[in-house]
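These are the residues of each chain, in order.
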Amino acid sequence: MVKIVADRERCAGSGMCALTAPAYFDQDDEDGLVLLLADEAADDAGEVADAVQLCPAAALGFA
Ligand code: SF4
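This write-up is about the structure you can find in this document. (Residues numbered from 1 in each chain as written. Predicted model: local features only at pLDDT ≥ 70, side-chain atom pairs only at ≥ 80, totals over all residues. Heavy atoms only, no water.)

Observations regarding the overall build of the chain
Helix and strand counts for the chain come out as two helices and five strands. Of the regular secondary structure in the chain, the N- to C-terminal order runs β-α-β-β-β-α-β. Principal axes of the C-alpha set define a box for the chain whose edges measure 30 × 20 × 15 Å. Counting across all 63 residues of the chain, residues that qualify as buried make up 35%. The long-range share in the chain, meaning contacts at least 24 apart out of those at least 6 apart in sequence, stands at 56%. About 3,900 Å² of surface is accessible on the chain, with carbon and sulfur atoms providing 49% of the total. (Helix = DSSP H or I, 4+ residues; strand = E, 2+ residues; numbered from the N terminus. Buried < 20%, exposed > 50% of the residue type's maximum accessible area, 1.4 Å probe, protein only. Contact = heavy atoms within 4.5 Å. Areas by Shrake-Rupley, 256 points an atom, 1.4 Å probe, with all protein chains shown as cover.)

Right, here's the structure in full:
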């Protein structure tokens, strides 16, 4: 398992992560910023790696 981190200070609210890996990411109803639904992913959870790559604000990563 790998730990997922999301930096809400950097998040621009684009929603790409929630579209790419909806089991792991959502957007806050209030401010549109990323919400982590799970803070760990299996090493082979490719959609999480895709979301990290696709985030336009570089707000996502692995710890
Ligand atoms: S893709 Fe990045 S900028 Fe967009 S909502 Fe997710 S964390 Fe925020």
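Quick word on the sheet that holds strand 1 (residues 2-6)
Within the open sheet, the three strands sit side by side as 4-1-5. Their pairing is antiparallel. Each end of this open sheet is capped by a strand with a single partner; those strands are strand 4 (40-41) and strand 5 (60-62). Relative to strand 5, helix 2 (residues 46-54) is tilted by about 130°, and along the sheet it contacts strand 1, strand 4 and strand 5. (Pairing = 2+ DSSP bridges. Axes fitted to C-alpha atoms, helices over the stretch in contact; angles between N-to-C directions.)

A word on a negative patch on the surface
On the surface, a cluster of negative charge is contributed by Asp-43, Asp-44, Glu-47 and Asp-50. With respect to the helices, strands and loops of the structure, Asp-44 is situated in the loop between strand 4 and helix 2. On the accessibility criterion, Asp-44 (68% relative accessible area) is exposed. (Patch = residues over 30% accessible without salt bridge, like charges linked within 9 Å, V, L, I, M, F, W, Y side chains within 5 Å. Salt bridge = Lys/Arg side-chain N within 4 Å of Asp/Glu carboxyl O. Lys, Arg positive; Asp, Glu negative; His and termini not counted. Charge placed at Lys NZ, Arg CZ, Asp CG, Glu CD.)

Focus on the site of the ligand
Near the ligand lie 13 residues; those nearest to it are Cys-11, Ser-14, Gly-15, Cys-17 and Cys-55. Grouping the amino acids of the shell around the ligand by side-chain chemistry returns ten nonpolar, three polar and no charged. (Near = heavy atom within 4 Å. Nonpolar A, V, L, I, M, F, W, Y, C, P; charged D, E, K, R; others polar.)

Overview of a nonpolar patch on the surface
A contiguous nonpolar surface patch, about 310 Å² in accessible area, is contributed by Met-16, Leu-19 and Leu-54. Tracing the sequence through the fold places Leu-54 in helix 2. For Leu-54, a relative accessible area of 44% corresponds to the partly exposed category.

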